[in-house]
Amino acid sequence: MMKFGIGQPVTRKEDPKFLTGRGRYVDDIELPDMTYGYVLRSIHANAKINSIDAANAKDAPGVISVLTGEDYASDGLGTINCGTINPMIVRGQPKLRPHPALLQDEVKCVGAPLALVIAESLPEAKDASEMIKVDYDILPSVTSVREARNADAPIVWDGIDDNLAWTFGMGDAEGVANAIGQAHHVTRTTIYNNRVTTNAMEPRASIGVYNKGEDKLTLYGSNQGPNRVRQEIAHELFNVPENKIQVIAPDVGGGFGMKGGFYAEDILVLWASRRLGRPVKWTADRLESFVTDAPGRDVVADCEMAFDADGMIVAVRVVGDYNVGAYVTPSAGVPPMFFTFLMSGVYDIPSVAVTTRCRYTNTNGTAPYRGAGRPEAAYLLERLIEIGAKEMGMDAISIRRKNLVKSDQMPYQTALIYAYDSGEFEKLMDEAMEKAMKEATQGLGGGMLPVQVEAAELREPALVVRLALVEHLGERLDLFMKGRQSEAATEVDNLDDIFSQRDDATHVGRRVGQLGDFTELHHGLDQISGNREESLS
């Protein structure tokens, strides 16, 4: 029986069916009279469409229907919009370009949907899609957010000359400018957090079912938020009451934010089912997932972190550019919002100012992925501390220890929006360091290359000896395991530069370098660490 109602581990009940292969995913669902859809996609990043000729595809074996953007428009369906742009922090008027689920006239990224082929089988739908002829006029494109922010970058959307979709801003810009002007040292750098794809075990899949008797649509979808999906699809795409649409999410094989909302294919299978009176299934293959799943992150930021003479952080200023792709997803506003909100992280920073610009590129639209802006902000702060420590000749761990929000400061109000009610950040850092060092020293015996550390700069007596040995003996171990024992034995004398008492350290080093005695290495590490901790305390 649980002692508390909140915060206790919950016994998992779902494992047996997955471990025995009895999970039920969207693609496992088979309904009577099922048909299969395949989406023909753009092969160009930016192009005008002169024509789409689907006549041969419509006559292909097994084909039931071929739908294009012209059909979509004539049926009066709505557009896909971004409803997650926070009005509290938006600066100026967003310049958005809502888009239909099937395009006509122009395409703005590789993978953009042009036609939906429905057939009696998936192979027949794929074969027929190869018969569709698309006449393009190829235009210049920009596929990098770093390029998109340049003044001479190709324009994604007519009328938006700077490729700027919207801007978030928060913080005390004047206070930060004053603090930076008076700081002992200012670290300046540009940091890029690259685009990533979820690559979920289960590719996205959708089944649309229309019940004519009830005039009701049912979507079986691999998504994480069926209630939100139903609401948005009903009001924005089909213009029907919510009780006329049901969204069912069975087992989902990985989502991590990428499956948090709806996609064009969800709309297409519902629309096609209503037109045909039969269920329509669409399932992405792996390559299609790479091209069409909403990726995450993809932000470049110009950063400044200001320090006083003791290493205390006095201000942070960040101007970031997020890549939101060409066709902005419904949840695209979430990552840049949290990136803006959380730029102080776990540190006691008195002044912070953040400007986050969201820019169009000729790429697939981005969405939340594993933290949704939080990892990007954390990565930026930690890199600034590391770079600042090197520039000032100080230890990065010591800088962190000085600047972490302390437990006795709780509740703590950040310089931006959030207030923290609890947290033991310094304790967590110490536990992480101890665990990292334990794994690193154990890894030596298994032939793993150890992490690089600046042991001589470290101000932590409990770890200095282990870190030094991990760095220097790791190179010797690598030589030994490559059969170069003589070099390993000779080079071990470099430890003289680290320890004033060389006997025990070099003894361990030679034993490892000459004999490969990994057991003695661990014993020596424990002995030397204890001796040095006592002398350094």
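Residues numbered from 1 in each chain as written. Predicted model: local features only at pLDDT ≥ 70, side-chain atom pairs only at ≥ 80, totals over all residues. Heavy atoms only, no water.

A. Up close: the overall build of the chain. The helix and strand inventory of the chain stands at 17 helices and 18 strands. Every one of the 537 residues in the chain was classed for burial, and the buried ones make up 52%. Within the structure as shown, the chain displays about 25,100 Å² of accessible surface, and the carbon and sulfur contribution to it stands at 50%. (Helix = DSSP H or I, 4+ residues; strand = E, 2+ residues; numbered from the N terminus. Buried < 20%, exposed > 50% of the residue type's maximum accessible area, 1.4 Å probe, protein only. Areas by Shrake-Rupley, 256 points an atom, 1.4 Å probe, with all protein chains shown as cover.)

B. Structural view of the pairing of strand β1 (residues 35-41). In terms of residue burial, β1 counts as a mostly covered element, since six of its seven residues are buried. Where β1 meets strand β13 (residues 280-283), two bridges bridge the pair, whose relative direction is parallel. Among the inter-strand pairings, Tyr36 is bridged to a residue of β13, identified as Lys281. Bridge count for β1 against strand β6 (residues 113-119) is six bridges, and the pairing is antiparallel. By the bridge assignment for β6, Leu40 is matched with Ala115. (Pairing = 2+ DSSP bridges.)

C. Looking closely at the environment of Pro61. Here Pro61 shows up in the loop between α2 (55-58) and β3 (63-68). A sequence separation of 63 residues divides Pro61 from Glu124, and the C-alpha atoms of the two residues are 6.7 Å apart.

D. Main features of the confidence of the model for the chain. Confidence along the chain averages 84 in pLDDT terms, with 81% of residues attaining 70 or more. Under a pLDDT of 50 for its full length, residues 528-537 has, in the predicted model, 17 contacts with residues more than four places off or in other chains. (pLDDT = per-residue confidence, 0-100. Contact = heavy atoms within 4.5 Å.)

E. Fine view of the state of the cysteines. Overall, the coordinates contain zero disulfides when judged by the stated rule. Take Cys358: it sits in no disulfide, and the sulfur closest to it among the cysteines is that of Cys82, at 8.6 Å. A residue is classified by how much of its surface remains accessible, and Cys358, at 0% relative accessible area, is buried. (Disulfide = S-S within 2.5 Å.)

F. Quick peek at the nonpolar core. Residues Val107, Trp166, Val316, Val318, Phe339, Met343 and Leu380 are the most contacted members of the largest nonpolar core, which totals 69 residues. Once you skip the residues sitting within four places of it in the chain, Val316 turns out to touch Val176, Glu304, Met305, Met343, Ile349, Ser351, Val352, Ala353 and Leu381. One finds Val39, Leu77, Tyr210 and Ala234 within the second-largest nonpolar core, a separate group that totals 30 residues. (Core = buried A, V, L, I, M, F, W, Y, C linked by side-chain atoms within 4.5 Å.)

G. A look at a nonpolar patch on the surface. A cluster of nonpolar side chains, contributed by Val110, Leu287, Phe290 and Val291, occupies part of the molecular surface with about 350 Å² of accessible area. The exposure class assigned to Phe290 is partly exposed, which follows from its relative accessible area of 43%. (Patch = residues over 30% accessible without salt bridge, like charges linked within 9 Å, V, L, I, M, F, W, Y side chains within 5 Å. Salt bridge = Lys/Arg side-chain N within 4 Å of Asp/Glu carboxyl O.)

H. Quick look at the pattern of salt bridges. Taken as a whole and assessed by the stated rule, the structure comprises 30 salt bridges. Residues Asp298 and Arg195 are paired through a salt bridge, measuring 2.8 Å at the closest nitrogen-oxygen approach. In this pair, Asp298 is assigned in strand β14 (residues 296-307) and Arg195 in strand β9 (residues 185-196), connecting sequence segments 103 residues apart. Looking at Asp298, the relative accessible area reads 4%, which means it is buried. Judged by relative accessible area, which is 25%, Arg195 ranks as partly exposed. In this structure, Arg204 engages Asp293 in a salt bridge whose closest nitrogen and oxygen atoms are separated by 2.7 Å. Of the two residues, Arg204 sits in the loop between β9 and β10 (205-211) while Asp293 sits in the loop between α9 (286-292) and β14, which places them 89 residues apart along the sequence. By the burial criterion, Arg204 is buried, and Asp293 matches it. Put simply, Arg41, Arg204, Glu265, Glu288 and Asp293 are held in one network by salt bridges that share partners.

I. Quick peek at the pairing of strand β11 (residues 216-221). Here β11 lies mainly inside the structure; five of its six residues are buried. Counting the residues in the hairpin turn of β10 and β11 gives four residues, including Asp215, whose phi is positive at 50°. Across four bridges, β11 lies against strand β12 (residues 245-248) in parallel orientation. Directly across from Leu219, in β12, lies its bridge partner Val247. The parallel pair β11 and β12, bridged by helix α7 (residues 226-238), forms a crossover whose chirality is right-handed. (Right-handed = clockwise from strand over helix to strand, strands pointing away.)

J. Region of the structure containing unusual backbone geometry. Geometrically, the link from Met410 to Pro411 is a cis peptide bond, its omega value of -5° lying close to zero. Position of Pro411 relative to the elements: it lies in the loop between α12 (396-403) and β17 (412-413). The backbone phi angle of Asp105 is positive, close to 80°, even though this residue is not glycine. Mapped onto the elements, Asp105 comes out in the loop between β4 (90-91) and β5 (106-107). For Asp105, a relative accessible area of 51% gives the class exposed. Despite not being glycine, Asp298 shows a phi value in the positive range, around 65°.

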